[in-house]
Amino acid sequence: MTGEKKERRKWKPWLLAFLGAVLLILGAWWLLGGSRLWTELSFRLWQDRYAAAAEAALAGKPWRDVPGVRSLNVWPKAGEEDVLIADFALGGWGIGSSTSYWGVCTTTDGRPAGFQGMDMTLTEEAPGVFSWREAEGDNAYQTWELDEGWYGYLMKF
C-alpha cells in the first residue's frame, strides 16, 4: 500500500466523527427552538424585503422574492371583515400528522392571527406571545411579535 492511501485512511474516521458531531449539534439546536430562531433571524436580516413584498401581495401586485421564503400567501382573517394576512412560509418539517410549519406574517389590522387566517382563540402567554391548543387533540400554534404588526409563527400538527 502506498503512503498516500494510508494517509487518506487516517483522515476518514476523523472526518466521519467531525461530520457526526456537526449533525448532532445541528439536531440539538433544531430541537431546542431552531425554527423559531431561524424565523427571527430571517426577519431581522430581510425586514425591508418582507415589508415591500407584503405591501405588494396585499395590494394584489407581483412581489419580489425574499431570501429563504418558500411561498407568500394572502389569507382572509377569520371573523374579521376586510382584514388580510400576508403569510411568508419559511419551512416545514415532519411526516403526515406529525408536521410543523413556521414563518412570518403581518395583518392589515396589525394584530396577531391564527394559522393561515383560521379561527383560533389566541391566549396571551407573555407580552407579545400568543398561543392556541386544540381542545381534543395535539395540534398547537404559537405566534410571537417580531416588530410592530409583524409576527413569527409555529404551527404543530
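Please refer to the structure higher up on the page.
Residues numbered from 1 in each chain as written. Predicted model: local features only at pLDDT ≥ 70, side-chain atom pairs only at ≥ 80, totals over all residues. Heavy atoms only, no water.

**Q** Residues and numbers for the sheet that holds strand β6 (residues 140-147), please.
**A** Taken in spatial order, the seven strands make up an open sheet running β1-β2-β3-β7-β6-β5-β4, and their pairing is antiparallel. The sheet terminates laterally at β1 (71-76) and β4 (123-126), the two strands that pair on one side only. On average, adjacent strands in this sheet sit at an angle of 30° to one another, irrespective of strand direction. (Pairing = 2+ DSSP bridges. Helix = DSSP H or I, 4+ residues; strand = E, 2+ residues; numbered from the N terminus. Axes fitted to C-alpha atoms, helices over the stretch in contact; angles between N-to-C directions.)

**Q** I'd like a description of the packing of aromatic side chains, backed by residues and values.
**A** Where two aromatic rings form a pair, the distance of their centres and the angle of their planes describe that pair. Per the counting criterion, the structure on display carries eleven aromatic pairs. Ring centres of Tyr50 and Phe88 lie 4.8 Å apart, and the angle between their planes is 75°; on these two criteria the pair is classed as edge-to-face. Note that Tyr50 is positioned in helix α1 (residues 3-58) and Phe88 in strand β2 (residues 84-95), a separation of 38 residues in sequence. Neither residue differs from the other here; Tyr50 and Phe88 are each classed as buried. Sitting above the plane of the Trp144 ring, Arg36 keeps its charged end 4.2 Å from the centroid. (Phe/Tyr/Trp six-rings, centres within 6.5 Å; stacked < 30°, edge-to-face > 60°. Buried < 20%, exposed > 50% of the residue type's maximum accessible area, 1.4 Å probe, protein only. Lys NZ or Arg CZ within 6 Å of the ring centre and 35° of its normal.)

**Q** Any details on the layout of surface pockets? Residues and values, ideally.
**A** Rolled over the atoms, a probe sized like a water molecule indicates the empty space that remains. Size it by volume and the second largest pocket reaches roughly 170 Å³. Taken together, Lys77, Ala78, Glu80, Arg111, Pro112, Ala113, Gly114, Met118, Asp119, Met120, Thr121 and Leu122 form the lining of the second largest pocket. For the lining of the second largest pocket, the residue count by class is six nonpolar, two polar and four charged. (1 Å grid on protein atoms, 1.4 Å probe; cavity = no way out; pocket = protein on both sides within 12 Å on 5 of 7 lines; lining within 4 Å. Points joined across faces, edges and corners; volume = space filled by probe spheres on them. Nonpolar A, V, L, I, M, F, W, Y, C, P; charged D, E, K, R; others polar.)

**Q** Talk me through the nonpolar core; I want residue IDs and the actual numbers.
**A** Membership of the largest hydrophobic core comes to 18 residues, with the highest contact counts inside it found for Tyr50, Phe88, Val104 and Trp150. Elements that contribute at least two residues to this core include exactly α1, β2, β3 (98-107), β6 and β7 (150-156). At five residues, α1 tops the list of elements feeding residues into this core. Those residues in contact with Val104, other than ones at most four positions away along the chain, are Thr39, Phe43, Tyr50, Ala86, Asp87, Phe88, Leu90, Leu146, Trp150, Tyr151, Gly152 and Tyr153. Core analysis: the second largest hydrophobic core is formed by eleven residues, Ala89, Phe115, Tyr151 and Met155 among them. (Core = buried A, V, L, I, M, F, W, Y, C linked by side-chain atoms within 4.5 Å. Contact = heavy atoms within 4.5 Å.)

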